[in-house]
Structures are given as C-alpha cells and as structure tokens.
Amino acid sequence: MGECSGPQYQGVGEGTLKADSFRKVSVIPLVFLIFYEVSGGPFGIEDSVQAAGPLLAILGFLIFPFIWSIPEALITAEMGTMFPENGGYVVWVSSALGPFWGFQQGWMKWLSGVIDNALYPVLFLDYLKSGVPALGAGLPRTLAVLILTVALTYMNYRGLTIVGWVAVFLGVFSILPFIFMGLAAIPKLRPSRWLSVDMHNVDWSLYLNTLFWNLNYWDSISTLAGEVDNPRRTLPKALLYALILVVVGYLYPLLAGTGAIPLDRELWTDGYFSDIAKILGGVWLRWWVQGASALSNMGMFVAEMSSDSYQLLGMSERGMLPEFFSKRSRYGTPLVGILFSASGVILLSWLSFQEIVAAENFLYCFGMILEFVAFVKLRIEQPTAPRPYRVPLETTGCILMVLPPTLLICVVLALASFKVMIVSVVAMLVGFVLQPCLMYVEKRRWLRFSVSSDLPDFRSAENENDAESLMG
C-alpha cells in the first residue's frame, strides 16, 4: 500500500468510458486544436514591434516561451495524464485544494474562455467590413455576429473530430502564406535590422500584454483529455509539437518582416503583416494573409468553444454542476455546455476589444495561480501517484519552475486598470456565491447531481493516503 497513491484510471481513453463509443481525437487534430487554443497564427503580434522594436520583439518570442509557455505546457502534460478526463484543470485543483476551489477554478476559466470567444466573431467581421461596409455597425453587424456564432456553434455540436480536422485545414491555410512571405523576403533581408532597439522608447505594458496574450492558454486542452485517443501518450506529444509550431509560427514571419522592410514602428499595428505581404509578394499574397486572418478567428472560436463546453461536461461528471450538463448529443458532444457557452459569447459580444482582453487576462491569471498551487501540492502530497508523463524535475525544481510565471502573473495583474479590476473581482465573487447555492440546490434535490461511475474518486484516494500516513 502507498506505492501507487492517487486516483487510478483504468484504461481511460481506451474503452472504459461511455464517451468511448464516439470517435476519439488523434495527434494531428489535437496539435492544431492546441495551436488554435494558444495562437491561431502570427496575427496580433505586430504590436510587439511597435511597443519595443525588432530586437526586443524577437527576444520576447524566444525567451517568453521558457518563462511561461514551456512551464505551463509541462504542467498540462503531467496533470493532464495524471487526470485524463474532461474536467481538466478543475479536477487538478479539486484534487489538491478541495471542491470549493475546484469550482472557482472552473468558474473563472470558463468565464475567461467565453470572454475570449466573444472576440472572434467581432474580429472576423472587422476583417470583412472593408469590403462590406454595412458590417461595420448597426443591425447588420448584430445579425452577422449572431449568424456566425450559430454556424460555428453548430460545427461544435456535430463532433470534436470534425472540429479537429477543420482546425487542421484552417491551420495549414493560415500558415502557408507566411511561408511564401518568408521566401519572398530572403533577397531583401538585412540582419542588422533585427538588432534595432531603443530602451528609452519602450511601452512595457503593451509589450508584455502582447507576449502574454499570444503565448498562454496551453492548459485549455486539458478539458478535452477524455475525448483524446490514448491521452497518456497523445497529450504530451501533441503539446510538444504544438509548442514548436506556435513559436516558429511567430518567429518566422517576425524575422521576415523586420529584416526585409525598413523599420517604421508606428506602422506595426494589427494587420500590418498583410501590408508586408503586399510589399514582398504582391496583392495576391496580401489577400491570402487577410483571408487567413479572418479564418483564423473561426479556428480559435471552435477550439475555444470545444474546451469551454467539455469543461462544463467534466464538471457535471464530477458532481459540481447539475447532471443535465453531462448529457451528450447523438454526436457525443456536450449539448447543454455548447448552448451555455454560445449564449455567453452572444451576451458579451458588445464589449470592446480592450475590455475583453483585460478582463480575460485578469481572470485567467487567478486561475493559473490555483493551477500552480495544485501542481506543487500534489507533487508533495502524492509523490507516487501514477503520472504517465512526469516533469523531469524534483519537487524543489518544480517550485522554482513556477516562480517566474507567478511573478509574471503579478505584473499582469498590477497593469490592470481599476475598472477591469473591479469587474473581475465582482465576477470572482459571483463564483464564491454560486458554489454554495448549487450545493443548497443539490441538498434540497431541486436538481439532480451525480458523479460518473466511470471516474475514480480522488477524495477517497486522499483519505486512504491520510490513513496510511497515520498508520506509518
């Protein structure tokens, strides 16, 4: 006893869960789902050059992954294979800190995901309004947001494997124009342009927020772990491939654009890559980049909605939400979770881009702190629990690994405006009230709650460990 503490998953993802009657997601679609959860392409990284110049922008996308992306991806690989179920990070935090904080994690992450998803229909229409001015405002724009949200939501309803392969197609379509742009830039490259820097003229807030915005959300894929084919092998492999794809997908066009075009920092704003494409390759390449930008928003929408809706399903399977959240459609998708997530997107689509990003980052940061605490606590309290993938560090090394991203979180929180801080704190307080209200509803039996019999009870595993430690 005690040599294999922690929850025991017998063949999860290999034929034991009811969900296994539906097709599972394989490595390639999973890589592109992660790609769209995190990145979607280099659209939006232009602000890093405007804020800090070429050298710091390039160094940022080289160094920041070591500070933030790699630690988050490693933690996701270890915890996602330790708990290969749809609750993802909610289950990690519940196992380490108890169901109350697990629910808060789920609430903050779901809300930040829905806030994030409210961006994409709006951004998609922003790319089209130059050609169709009527989409710029008013009733036509509202109807277009509604129609687009319904269409993409239906795609999620039809199945995760469809979403995964759509993500593959959109990813290839979005990456190809930048490959051509990089090849066209070779004759015009001047490596000395990459070294341009003015430390007295750096907008640190814009610079850090741009890096953070474009290199986070690696943990979102954990809420799909129960839908992955052999997650204990597939998830770490897909995270590694996606990490390489994301970082190279940022650095390659950044090096091409800053090295081939004379620097004018004021021009480096959202959409400037399409201008660079026209300069280097012609009008046809510009249209391709603009089309890829628009379609990338569709890819990010369907990937984020998949993560959000399966998270609600996973929370229901753990008894944190009413049982009806765990009901699947005939395609195996979480119908109620999809409808709730889509409703949140429509309700929040009126917010401005800046308000959405700031509120999302604030909630996301608090959720990440809970994840880091859960990761370290489980390493200390359940050192021998089965971990098909294990971060190759001892407990002290793991603590040191999460210190830099924790400090970064503190910086991001400190940069938040007072308005965003108040709105985000109110949203968190709603979660503090919502959890005991749901417990009261369960106690009065107004709605049915249940824990899936297919999942191990990590609370009983913890009690067993406590008993063994007392006996020892």
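This is a predicted model, so every value here is computed, not measured.

Novice: I'm lost on the overall build of the protein in this one. Help?
Specialist: For the protein, the helix and strand inventory stands at 16 helices and zero strands. Evaluated residue by residue, the protein yields a buried proportion of 56% over its 472 residues. Relative to all contacts within the protein whose residues are 6 or more apart in sequence, the contacts with residues 24 or more apart total 85%. Accessible surface, the protein as shown: approximately 19700 Å² in total, 69% of it carbon and sulfur.

Novice: How should helix α15 (residues 418-443) be read in this particular structure?
Specialist: The periodicity of an α-helix, 3.6 residues per turn, causes residues three or four places apart in sequence to face the same way. Between its first and last C-alpha atoms α15 spans 38 Å; for 26 residues at 1.5 Å apiece the expected length is 38 Å, and the two agree. All buried positions along α15 are accounted for by V420, S424, A427, M428, G431, Q435, L438 and V441. R445 lies just past α15 and shows a positive phi near 60 degrees.

Novice: It is not clear to me how unusual backbone geometry should be interpreted in this structure. Could you clarify?
Specialist: Excluding glycine, residues mostly have negative phi values, and the peptide bonds linking residues are mostly trans. Of note, the phi angle at N230 is positive, near 50 degrees, even though the residue is not glycine. Locating N230 in the fold gives a position in the loop between α8 (204-214) and α9 (231-260). Positive phi, close to 60 degrees, is recorded for R445, a residue that is not glycine. Here R445 is to be found in the loop between α15 and α16 (458-471).

Novice: Hey, could you run me through the pattern of salt bridges in this one?
Specialist: Pairing is possible between side chains that carry opposite charge, provided their charged atoms lie close to one another. This structure, assessed with the given rule, holds nine salt bridges. Close ionic contact of K109 with E371 constitutes a salt bridge, the shortest N to O distance being 3.3 Å. Remark: E371 occurs in helix α13 (residues 353-381) and K109 occurs in helix α4 (residues 99-117); sequence separation between them is 262 residues. Both residues of the pair, K109 and E371, belong to the buried class. A salt bridge links E381 to K377, with the nearest nitrogen and oxygen atoms 3.0 Å apart. Note that E381 and K377 are positioned in helix α13 at a spacing of four residues, about one turn of the helix. On the accessibility criterion, K377 (27% relative accessible area) is partly exposed. Through salt bridges that share partners, E78, R379 and R387 make up one connected network.

Novice: Sorry, what's going on with the side chain of D219 here?
Specialist: The residue D219 is located in the loop between α8 and α9 in this model. Ignoring anything within four residues of it in the chain, the contact list for D219 reads E72, T76, Y89, K109, Y364, M368 and E371.

Novice: Honestly, the packing of aromatic side chains in this entry has me stumped. Any pointers?
Specialist: Centre-to-centre distance and the angle between the planes together describe a pair of aromatic rings. Evaluated as defined, the whole model comprises 29 aromatic pairs. With centroids separated by 5.8 Å and ring planes inclined at 35 degrees, the aromatic side chains of F100 and F432 adopt a geometry described as tilted. In this pair, F100 sits in helix α4 while F432 sits in helix α15, placing the two residues 332 residues apart along the sequence. Measuring from centroid to centroid gives 5.6 Å for F180 and W288, while their planes differ by 40 degrees, and the two rings are tilted. With a gap of 108 residues between them, F180 in helix α7 (residues 160-185) and W288 in helix α11 (residues 283-317) connect regions that are remote in the sequence. What makes F180 partly exposed here is its relative accessible area of 39%.

Novice: Honestly, the confidence of the model for the protein in this entry has me stumped. Any pointers?
Specialist: Where the model shows low pLDDT, its predicted coordinates should not be examined in detail. Here the protein averages 87 in pLDDT, while 89% of its residues score no lower than 70. Considering each helix and strand of the protein separately, the mean pLDDT is smallest for α16, with a value of 49, and largest for α9, with 96. A low-confidence stretch, residues 11-17 stays under pLDDT 50, and its non-local contacts, those more than four residues away or across chains, total 17 contacts. Confidence drops under a pLDDT of 50 for residues 465-472, and excluding neighbours within four residues, the segment shows five contacts in the predicted structure.

Novice: Would you mind going over the state of the cysteines with me for this structure?
Specialist: Joining two cysteines, a disulfide is a covalent bond between their sulfur atoms. Evaluation of the coordinates by the stated rule reveals zero disulfides. The structure places no disulfide on C410, whose sulfur is separated from the nearest cysteine sulfur, that of C365, by 8.9 Å.

Novice: Help me understand a nonpolar patch on the surface, please; the structure alone is not making it clear to me.
Specialist: A surface patch of nonpolar side chains, amounting to about 1100 Å² of accessible area, comprises V172, L176, I179, F180, L183, I186, L240, Y241, I244, V248, Y252 and W284. Looking at the nonpolar patch, the elements with two or more residues in it are α7 and α9. Following the sequence through the fold, V248 ends up in helix α9.

Novice: Would you mind going over the packing of α4 against α15 with me for this structure?
Specialist: Helix-helix packing: each pair is described by the crossing angle between the helix axes and the interaxial distance. Contact geometry for α4 and α15: axes closest at 9 Å, N-to-C directions at 130 degrees. Taken together, the axis directions place α4 and α15 in an arrangement best described as oblique. For the pair α4 and α15, the sense of crossing is right-handed. For the pair α4 and α15, contact is made by P99, F100, W101, F103, Q104, W107, M108 and L111 and by A427, M428, V430, G431, F432, L434, Q435 and L438, respectively.

Reading the values: the criteria
- Residues numbered from 1 in each chain as written.
- Predicted model: local features only at pLDDT ≥ 70, side-chain atom pairs only at ≥ 80, totals over all residues.
- Heavy atoms only, no water.
- Helix = DSSP H or I, 4+ residues; strand = E, 2+ residues; numbered from the N terminus.
- Buried < 20%, exposed > 50% of the residue type's maximum accessible area, 1.4 Å probe, protein only.
- Contact = heavy atoms within 4.5 Å.
- Areas by Shrake-Rupley, 256 points an atom, 1.4 Å probe, with all protein chains shown as cover.
- Expected span 1.5 Å × (residues − 1).
- Salt bridge = Lys/Arg side-chain N within 4 Å of Asp/Glu carboxyl O.
- Phe/Tyr/Trp six-rings, centres within 6.5 Å; stacked < 30°, edge-to-face > 60°.
- pLDDT = per-residue confidence, 0-100.
- Disulfide = S-S within 2.5 Å.
- Patch = residues over 30% accessible without salt bridge, like charges linked within 9 Å, V, L, I, M, F, W, Y side chains within 5 Å.
- Axes fitted to C-alpha atoms, helices over the stretch in contact; angles between N-to-C directions.
- Parallel < 35°, antiparallel > 145°, perpendicular 65-115°, else oblique.
- Left-handed = near helix turned anticlockwise from the far one by under 90°.

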